[in-house]
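# Coordinate analysis (summary)
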Amino acid sequence: GAVVSQHPSWVICKSGTSVKIECRSLDFQATTMFWYRQFPKQSLMLMATSNEGSKATYEQGVEKDKFLINHASLTLSTLTVTSAHPEDSSFYICSARVGTLNTEAFFGQGTRLTVV
Amino acid sequence: AQSVSQHNHHVILSEAASLELGCNYSYGGTVNLFWYVQYPGQHLQLLLKYFSGDPLVKGIKGFEAEFIKSKFSFNLRKPSVQWSDTAEYFCAVFRGSYIPTFGRGTSLIVHP
């Protein structure tokens with residue numbers, strides 16, 4: 001299957017700082033990228049959907065000014081957690097999809113963010 | 001609101017036992033259906049998918065799932081589980097054009 005790479009795999013940052021997470025589709029061009037947050041022993045919560053060259057669509061309850069998403073190219077999307085706080089500590093996962101209907105999504109390995 | 005329900009949150013089986021994990025969704029339109037597996041410490045991997053055609057789909061590692069449209073269900077099955085199947089299993093529904101919804105997941109533990 002296609003490969004989606006996330007970087008970094010884990011990051012520890014101080015409260016109040018910003019952290020950028022990258023998501024790259026290595027061998028295909030992703031029409032759409034999704035960003036999820038996963039709490040321990042829980043499902044993936046969709047945070048936002050981004051299409052290349054346009055603004056991300058955020059799910060209800062997700063602060064767009066706190067979680068900045070940029071999808072500058074068909075192979076790269078970034079999630080920036082601004083002014084991070086301990087409650088932002090979580091596992092963040094990106095996913096990329098080619099096309100819309102009848103295509104599967106491929107997942108990155110996730111980024112473990114710990115805010116201290 | 002659209003939702004995906006996985007009724008079994010925790011399943012514990014012995015090796016060679018049969019497995020069936022339930023998945024129901026509430027969206028009435030066109031859907032793409034997926035089962036993903038997340039092994040401990042690893043990322044999500046696709047087990048199988050249904051887009052159209054034969055409602056019984058076969059995936060990797062001996063897993064299969066059956067789409068029953070009238071029941072809005074896409075249950076995952078495996079006739080004989082192995083210790084290595086211990087993992088989290090997520091049912092996902094991509095509805096409409098591309099909006100994905102995941103079930104809360106089922107934790108499967110297989111005792112050797």
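So, here's what we can say about the structure. (Residues numbered from 1 in each chain as written. Chains lettered and ligands numbered in written order. Predicted model: local features only at pLDDT ≥ 70, side-chain atom pairs only at ≥ 80, totals over all residues. Heavy atoms only, no water.)

### Structural notes on the pairing of strand S7 (residues 67-73) of chain A
Within a regular strand, side chains alternate between the sheet's two faces. Residue and element names in this part refer to chain A. The following threshold applies: Pairing between two strands is assigned when DSSP locates at least 2 bridges connecting them. Numbering of helices and strands runs from the N terminus; a helix is a DSSP stretch of H or I covering at least four residues, while a strand is a stretch of E covering at least two.
Bridge count between S7 and strand S8 (residues 76-81): 5 bridges; the pairing is antiparallel. Pairing of Ser73 across the sheet is with Leu76, part of S8. Taken together, S7 and the strand that follows it, S8, pair antiparallel across an intervening segment of 2 residues.

### Some words on the packing of aromatic side chains
Note the threshold: Between rings of Phe, Tyr and Trp, where Trp is taken as its six-membered ring, a pair exists when centres lie within 6.5 Å; planes separated by under 30 degrees are stacked, by over 60 edge-to-face, and by other angles tilted. To sort residues, take the accessible area from a 1.4 Å probe on protein chains only and compare it with the maximum for the residue type: under 20% means buried, over 50% means exposed, and anything in between is partly exposed.
This model, assessed by the stated rule, comprises 16 aromatic pairs over all chains. Seen in terms of ring centroids, A:Tyr36 and A:Phe107 are 5.9 Å apart; in terms of plane orientation they differ by 40°. Their pairing is tilted. Placement of the pair is A:Tyr36 in strand S4 (residues 32-38) and A:Phe107 in strand S10 (residues 105-107), with a sequence separation of 71 residues. The buried category is assigned to A:Tyr36, whose relative accessible area is 0%. Considering the side-chain rings of A:Phe107 and B:Tyr36, the 4.8 Å spacing of their centres and the 80° angle between planes classify their relative orientation as edge-to-face. Of this pair, A:Phe107 sits in strand S10 while B:Tyr36 sits in strand S5 (residues 31-38), each in a different chain. We note that A:Phe107, like B:Tyr36, is buried.

### Notes on the layout of surface pockets
Definition in use: For cavity detection a 1 Å grid was placed over the protein atoms alone, and a set of points counts as a cavity when a 1.4 Å probe fits there but cannot get out; an open set counts as a pocket when protein lies on both sides within 12 Å along at least five of seven lines, with lining residues being those that have an atom within 4 Å of a point. Grid points are joined across faces, edges and corners, and a volume is the space filled by probe spheres set on the points. Here the term charged refers only to Asp, Glu, Lys and Arg, the term nonpolar to Ala, Val, Leu, Ile, Met, Phe, Trp, Tyr, Cys and Pro, and the term polar to all other amino acids, Gly among them.
Of the volumes computed, that of the largest pocket is approximately 410 Å³. Together, 21 residues line the largest pocket, and A:Gln38, B:Gln38, B:Pro40, B:Gly41 and B:Glu88 are the ones closest to its centre. Every element with two or more residues in the lining of the largest pocket is listed here: strand S10 (87-95) and strand S12 (106-111) of chain B. Looking at the lining of the largest pocket, its residues break down into 9 nonpolar, 9 polar and 3 charged.

### Re the nonpolar core
Using the following cut-off: In this text, buried Ala, Val, Leu, Ile, Met, Phe, Trp, Tyr and Cys residues form a nonpolar core when linked through side-chain atoms within 4.5 Å.
With 28 residues, the main nonpolar core has B:Trp35, B:Leu48, B:Phe74 and B:Tyr89 as its most contacted residues. Contributing elements (two or more residues each) for this core: strand S2 (10-14), strand S3 (19-21), S5, strand S6 (45-50), strand S8 (64-68), strand S9 (73-78), S10 and S12 of chain B. If you look at the next biggest cluster of nonpolar residues, it comprises 25 residues, including A:Val11, A:Phe28, A:Ala48 and A:Val81.

### Observations regarding the pairing of strand S9 (residues 90-97) of chain A
Residues and elements named next belong to chain A. Counting buried positions along S9 gives 8 out of 8 residues, so the element sits mostly inside the fold. Burial of S9 is two-sided: the residues Ser90, Tyr92, Cys94 and Ala96 facing one way and the residues Phe91, Ile93, Ser95 and Arg97 facing the other way are all buried. Strand direction decides the pairing type here: S4 and S9, joined by 7 bridges, are antiparallel. Note that in S9 the partner of Phe34 across the bridge is Ser95. Across 3 bridges, S9 lies against strand S11 (residues 111-115) in antiparallel orientation.

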